[in-house]
Amino acid sequence: MSRPGKNIGIVLAAVVLVGCGGSDEGAGSAPGGSSAPAGSANRGVVLIGFDASEALIGALGQGRIQGLVVQNPIRIGETSVKTLVKSLEKQPVERRISTGEALVTPENYKQPEIDKLIHPARAENVSNASLSGPKSKKWKIIVIPKGTTHEFWESVHAGALKAAEELGNVEITWMGPQKEDDRTKQIELIQSAVAAGVDGIAVAPLDAQALVEPVEAAIARGIPVLAFDSNLDSDRTVSYVATDNYHGGVLAARRLGEVLHGKGRLILLRYAVGSESTEQREKGFTDTLAKEFPEIKMVSDSEYAGPTFDSAQQKAESLLTRYRGQFDAVFCANESSTFGMMRALEGAGMLP
Amino acid sequence: MKEEIEDIEGIRAAGPGRLRNVLQWVWTVVGPFVGLALIAGFFTYLTRGSGHFLSPDNLRTIAGHTMIVGTAALGMTLIIIAGGIDLSVGSTVALVTVVMALFIKKVDPMLPESLRAWHAAVPMAIVVGILTGGLCGAINGGLIAGLRVVPFIITLGTYQAYRGLATWLASSTTIYVPSSMRPSWFGGLVAIQPEPRWLMVSPGVWMLLLLSLFLAVSLKFSLLGRYSYAIGSNEATARLCGINVPGMKVILYAVGGLAAGLAGVLDFAKLGGVGVPTTAAGLELQVIAAVVIGGGSLSGGEGTVLGTLIGCLIIAVLQNGCVHAGIPNAVQDIVIGVIIVVAVTLDRLRRGRAA
Amino acid sequence: MNFKELRMQDVGKSFGATRALDGVSLTVGAGEVRALIGENGAGKSTLMKVLSGAIRPDSGTMTLDGEPYAPRGPREALSRGVAMIYQELALAPALTVEANILLGQERSSGGWLHLREHRRIAAEALELLEHPDIRPEARVGDLGVGAQQLVEVARALVSKARVIVFDEPTSSLSERDAHRLFAIIDRLRDRGMAIVYISHFLEEVRRVAQTYTVLRDGRSVGEGTLAETDERSIIARMIGRDPGELFPRVPHQPGEPILELSGFRASERGKPVDLAVRRGEIVGLAGLVGAGRTRLVRAIFGLGPVVDGRVRVAHSDDNSARPRRRIDEGVGFLSEDRKGEGLALNLPIEDNMTYPGLRRHARGGWLSLGERRREVNDWIKRLRIAAAGPGQPVGGLSGGNQQKVALARLLHQRADVLLLDEPTRGIDVGSKAQIYRLLGELAAQGKAILVVSSYLPELFGICDRIAVMSRGALTEALPLDHWTEHRVMEVATRGAGIDPSSSTD
């Protein structure tokens, strides 16, 4: 993506934002009333999402997305590996490590500290260390994400590699299920890694309960396991390294309240069942809305986007058709569902 | 003209064909093993540095990973031999996990204290899970026989419907069975390291082997088995010979469903007692791939239990080997795709030369 | 058009060790219809493929008006003026008559079709056939078989064919369509075309052709003009021996009736059928293809619907029994479609032979394979089936041996009533003779046999009584001395309104 193009986008965004604010004032009485739906083409639906990808940031720059809560995937990857190695070297580690989260808006996204968060380094098609090859480093660990198709995980991967480079005594194998709901595959990955004789495992569990057995089986064989991104119902893991997801949800809710001026109708497109991290975000989001913005009404909060862009877009398209003209804002709790929702909104002409 | 050529073939087969038949038989039996050995050898070479690939631990792991696919594939073998296909296997498995989770949560508190202490709800749930699978299969078979629509379409429909039913029953979420309701032995069913160590492999693997033996014997020595081959080879002939084709179809798909139900029980145990409406997505394709790699023909009449098991092992070895060698997902998928095509082509060549 | 003749000289073709054609010579001149007569497997189809360029001969020469003719494919054959009308029509059913007529010979420039010219050419061709009633824009799939065949002929005409080869063209035609076709062939002959007419129906050969060539085992074994040759000597040439040897008579005595039909109808259009077959006799069902014979025997066996009437097998009365029930009652059925329905080709002989009677070898659902194999081996020996063993897939057997397996199945299931639909279709003469003898022996053992056949000499050779079916109506089954081949054909083509016993010639 070329820089000049982006700058134009920013200028445009500024203009659109001003316009947005203006019409917002004017339509202040409209939300709640059935006539003059705020979600019509001239103003567009407010979209608040989670995580940053090239496409999402671009849309943010054009004012099509009003806010994104971003995590720090690089730090997640880096901290996970460093913490795991620390524990392998018998040093004390914290049980819970928060890696921070931030709200990105069309207003603040050019600031340098935010830019670093939204353009993290990524690891693409990096060749892996062979798990059972000759051991060239002291420690050999496997890092298992929830999936391998989201940009988010590529940044986590980059962070993990960065840590490995800095430490110098650890080899990383990166391997995850392709679909972000394939619990069985993740269980088998852990089992295969144990059989291949790794020294440690860092895993982003797809399910807080289903992964307990294989993880504890690994721990029982003296292989320390660290959970990242999403927690596990077990107190035997080394540590839990993640964004404070609940707080991320709180940030998103406050941003929504701000843009809608505390009034409006909302669709919450959930991510997937049993995913601890996104459920936390959704909970933080709904809790905050209920507490601080009682006049924002939930139109739909029972639909799940599913594991891929495609599934999210499909679900979003049917939601939009179902509730056309009956909502002002949408919240999605991860990258794929935000992107799918954005594409669906674009397709329906509901974005500015 | 065709007749004349066949005449000659007939005469030739009567003469020195015996040796050829023996060779053909040897090749049929040994052929799939060759593929497995080649793939295993390849990964052993790739990971020669550590020697972990052929370690008993890893072999145990690979065996454990064939459990679910293998159990479902036994049923699929029977169905494919009879010229059918069942695309709803993965959805059935998901439905079974959900039904089991709901059943345990519902029934456990209703049981008297003495039975609760024994976790009696779990064995009951296992039976319910298997029967749920059988029911799904019977519905498939009933629709196929009753509506006379090809199995591909019917099971494509139930593939969606069973998944939808699972999601609906689970209210679109995951059903967690509290740990207090789960007996300690339940996870042990599918544990890679079996509890009494002398078992060598997971109890689930032993069960798979026993069932395989039973199915292999049934295919050869039972009416059901012979009738399946008849229907798969030529349905018209089967009808002509007085075989109740629609009735057999219901039975065959129900048996396939029971196998899928059992696979669902195993998946439920593997997931640690979680009913997941999205689990086992794409399982049906792995299962079909295993049967086809093992020599099953999608046009029916062909397929063996041994071949299917080897097909499952080939897939499991590939997936496990790729983890060991650090080969990324994308490459794994390409390799599995290539192997399916190569295996089936080789199989055809082999038969082409033999026939 | 100054075409004179197509000449084939000593044409030979081998497939591996088989001599499919072994020095065939044949000449057909302009204005001549030459019948190519021979049994199935005599090499007629191979010869035809050589003519069309589908296969290349190993030896011999072919000339068109003295110029060498060695087509490398059907396209080249067509461009030299040699067209084929195949038994299975090579038409695209979804396309129009016009598109089919011009298929492969479209007039176009720059990739665009000259549709107006197409319409004109197609209409011309159809008019030449004196069938302007077939509309050029009709979908071929909507036409009857007879009309479809005319479309093929029209296609040959458009290609300026000088030689047209018909391969058993009447096998799926109604009597009326067949006569229409004969008239067209006459007309083509009068226009100076050379026609090769492949058939083994001697009656129709006499109607349409002037000269004949007999083919047997890949050799031409006789030729001449039909007017000067009697039927018996042609048959003797076709089968290579005296007809008496082909149809060995095994003495047998009729007993009490075991299969009785009364007022039986297998289709809405069918007329009520009354028929009784006794133990120890062979009854033949003659008639044209499509007369309803196959439908009748299938309905008896429970493979087709029974509209009304009664079937009585042995002592049980059950009109709409399924095959399983019939098998249990002792009825056996042999399908006319050996490869499509009769046998599961990729399964071994032992499975194919024993399916209906498999339960006999089962105890509680489990089979005694050793016992079964002993019985199968016994039948293989008794029927002299040439096979590597009971485990060989039937697909690898010759047609004759396949048919013996299908017959052995009825014996293994211990059927007392055998319903045989075209039992010798497409098998070699040697196997035929063996099967005829076997049927005689079975009758002598007291089995009742009902044979459907389109090959009259066969029915006359083996049956005790013959009934003729025409458009769903069946005559009384009368002893052989009430019939002649001519009389049978007459009843078969004109309908069974006539009482066959009234004119016994």
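Residues numbered from 1 in each chain as written. Chains lettered and ligands numbered in written order. Predicted model: local features only at pLDDT ≥ 70, side-chain atom pairs only at ≥ 80, totals over all residues. Heavy atoms only, no water.

### Looking at the overall build of chain A
- On a plain count of helices and strands, chain A comes out with eleven helices and twelve strands.
- Considering chain A as a whole, with its 352 residues, one finds that 61% of them fall into the buried category.
- Taking the contacts inside chain A whose residues are at least 6 apart along the sequence as the reference set, 78% of them involve residues at least 24 apart. (Helix = DSSP H or I, 4+ residues; strand = E, 2+ residues; numbered from the N terminus. Buried < 20%, exposed > 50% of the residue type's maximum accessible area, 1.4 Å probe, protein only. Contact = heavy atoms within 4.5 Å.)

### Examining the pairing of strand S10 (residues 264-270) of chain A
Residues and elements named next belong to chain A.
- Most of S10 sits inside the fold, with seven of its seven residues counted as buried.
- Burial along S10 is two-sided: Gly264, Leu266, Leu268 and Arg270 and Arg265, Ile267 and Leu269, pointing in opposite directions, are all buried.
- Judged from the six bridges that link them, S10 and strand S11 (residues 296-304) form a sheet pairing that is parallel. The partner of isoleucine 267 across the bridge, within S11, is serine 300.
- Direction of pairing for S10 relative to strand S12 (residues 329-332): parallel, over a ladder of four bridges. In the sheet register, isoleucine 267 faces S12, and the bridge partner there is valine 330. (Pairing = 2+ DSSP bridges.)

### Overview of the sheet that holds strand S4 (residues 101-104) of chain A
Residue and element names in this part refer to chain A.
- Strand order across the open sheet formed by six strands is S4-S2-S1-S12-S10-S11, with mixed pairing between neighbours. Here the strands that pair on one side only, and so sit at the sheet edges, are S4 and S11. With strand direction ignored, the average angle separating the axes of adjacent strands in the sheet is 15°.
- Against the sheet, helix H8 (residues 245-260) makes contact with strand S1 (46-50), strand S2 (67-71), S4, S10, S11 and S12, and its axis sits at roughly 165° relative to S1, the strand it touches most. (Axes fitted to C-alpha atoms, helices over the stretch in contact; angles between N-to-C directions.)

### Some words on the packing of aromatic side chains
- A complete count under the given rule lists 14 aromatic pairs over all chains for this structure.
- When the centroid spacing of 6.4 Å and the interplanar angle of 70° are considered together, the rings of tryptophan 153 of chain A and phenylalanine 228 of chain A count as edge-to-face. One end of the pair, tryptophan 153 of chain A, is in helix H5 (residues 151-167); the other, phenylalanine 228 of chain A, is in strand S8 (residues 225-228), and 75 residues separate them in sequence.
- Judged by relative accessible area, phenylalanine 228 of chain A falls into the buried class, the value being 0%.
- Put simply, the rings of Phe152, Trp153 and Phe228 of chain A pair up and form one aromatic cluster.
- Between the NZ or CZ atom of arginine 48 of chain B and the centre of the ring of tyrosine 45 of chain B, over which it lies, the distance is 4.4 Å. (Phe/Tyr/Trp six-rings, centres within 6.5 Å; stacked < 30°, edge-to-face > 60°. Lys NZ or Arg CZ within 6 Å of the ring centre and 35° of its normal.)

### Some points on the environment of valine 151 of chain C
All names here are of chain C.
- Topologically, valine 151 is positioned in helix H5 (residues 145-158).
- You can call valine 151 buried: its relative accessible area is 0%.
- A sequence separation of 53 residues divides valine 151 from glutamate 98, and the C-alpha atoms of the two residues are 8.6 Å apart.
- Not counting residues up to four positions away in its chain, the partners in contact with valine 151 are Leu91, Val97, Asn100, Ile101 and Leu143.

### A look at the interface of chain C and chain B
- Residue-level contacts link 47 residues of chain C with 36 residues of chain B.
- The junction of chain C with chain B conceals about 3400 Å² of combined surface from both sides, 58% of it contributed by carbon and sulfur atoms.
- The set of elements that each furnish at least two residues to the side of chain C that touches chain B consists of strand S2 (18-29), helix H1 (44-52), helix H11 (323-329), helix H12 (338-342), helix H13 (349-354), strand S20 (366-367) and helix H15 (399-412) of chain C.
- Taken together, the residues of the side of chain C that touches chain B break down into 22 nonpolar, 16 polar and nine charged. (Buried area = accessible area lost by both parts, 1.4 Å probe. Nonpolar A, V, L, I, M, F, W, Y, C, P; charged D, E, K, R; others polar.)

### Topic: the domain arrangement of chain A
All names here are of chain A.
- According to the domain assignment, chain A contains domain 1 (73-102 + 120-242) and domain 2 (245-347).
- Taking only C-alpha atoms into account, the centre of domain 1 sits 29 Å from that of domain 2.
- Each partner contributes to the roughly 1100 Å² buried at the junction of domain 1 and domain 2, and carbon and sulfur atoms together form 41% of this total.
- On the domain 1 side of the contact with domain 2, Glu101, His150 and Glu180 bury the most area, a combined 37% of that side's loss.
- At the boundary of domain 1 with domain 2, the tally comes to zero salt bridges.
- Run the count over domain 1 and domain 2 and you get six residue pairs in polar contact (both at pLDDT 80 or more).
- Residue assignment for the side of domain 1 that touches domain 2 shows that the elements contributing at least two residues are S4 and H5. (Domains from an automatic or database assignment. Salt bridge = Lys/Arg side-chain N within 4 Å of Asp/Glu carboxyl O. Polar contact = N/O pair within 3.5 Å; in protein donor to acceptor, adjacent residues only side chain to side chain.)

### Points about the packing of helix H3 (residues 56-65) of chain B against helix H15 (residues 305-325) of chain B
Residues and elements named next belong to chain B.
- As a packed pair, H3 and H15 sit with axes 9 Å apart at the nearest point and diverge in direction by 130°. In terms of orientation, H3 and H15 fall into the oblique class. Seen from above, H3 lies across H15 with right-handed handedness. Taking contact as the criterion, the partners of Asn58, Thr61, Ile62 and His65 in H3 are, on H15, Leu313, Ala316, Val317, Asn320 and His324. (Parallel < 35°, antiparallel > 145°, perpendicular 65-115°, else oblique. Left-handed = near helix turned anticlockwise from the far one by under 90°.)

### Observations regarding the pattern of salt bridges
- Scanning the entire structure with this criterion turns up 58 salt bridges over all chains.
- Linked by salt bridges that have partners in common, Arg226 of chain B together with Glu350, Asp351, Arg372 and Arg373 of chain C make up one network.

### Things to note about empty space enclosed by the protein
Residue and element names in this part refer to chain A.
- Evaluation of the coordinates by the stated rule reveals nine cavities of 30 Å³ or more.
- If you add up the space inside the largest cavity, you get close to 110 Å³.
- Of all the secondary-structure elements, those providing two or more residues to the lining of the largest cavity are H5 and helix H9 (276-292).
- For the lining of the largest cavity, the element with the most residues is H9, which contributes three residues.
- Its residues placed into classes, the lining of the largest cavity shows three nonpolar, six polar and six charged. (1 Å grid on protein atoms, 1.4 Å probe; cavity = no way out; pocket = protein on both sides within 12 Å on 5 of 7 lines; lining within 4 Å. Points joined across faces, edges and corners; volume = space filled by probe spheres on them.)

### A short note on the interface of chain A and chain B
- With 36 residues of chain A at the interface, the matching set in chain B holds 42 residues.
- In this assembly, chain A packs against chain B so that about 3000 Å² is buried in total across both faces, 49% of it on carbon and sulfur atoms.
- Our count for the chain A to chain B interface comes out at two salt bridges.
- Counting the contacts that link chain A with chain B gives eleven residue pairs in polar contact (both at pLDDT 80 or more).
- Looking at the side of chain A that touches chain B, the element that brings in the most residues is helix H6 (residues 183-195) of chain A, giving ten residues.
- Partitioned by chemical class, the residues of the side of chain A that touches chain B number 14 nonpolar, 14 polar and eight charged.

### Some thoughts on the environment of leucine 117 of chain A
Residues and elements named next belong to chain A.
- Here leucine 117 lies in helix H4 (residues 112-118).
- Its relative accessible area of 19% is what places leucine 117 among the buried residues.
- Counting along the chain gives 85 residues from leucine 117 to alanine 202, while the straight-line C-alpha distance between them is 22 Å.
- Contact partners of leucine 117, with chain neighbours within four places excluded, come to Val70, Gln71, Asn72 and Ala102.

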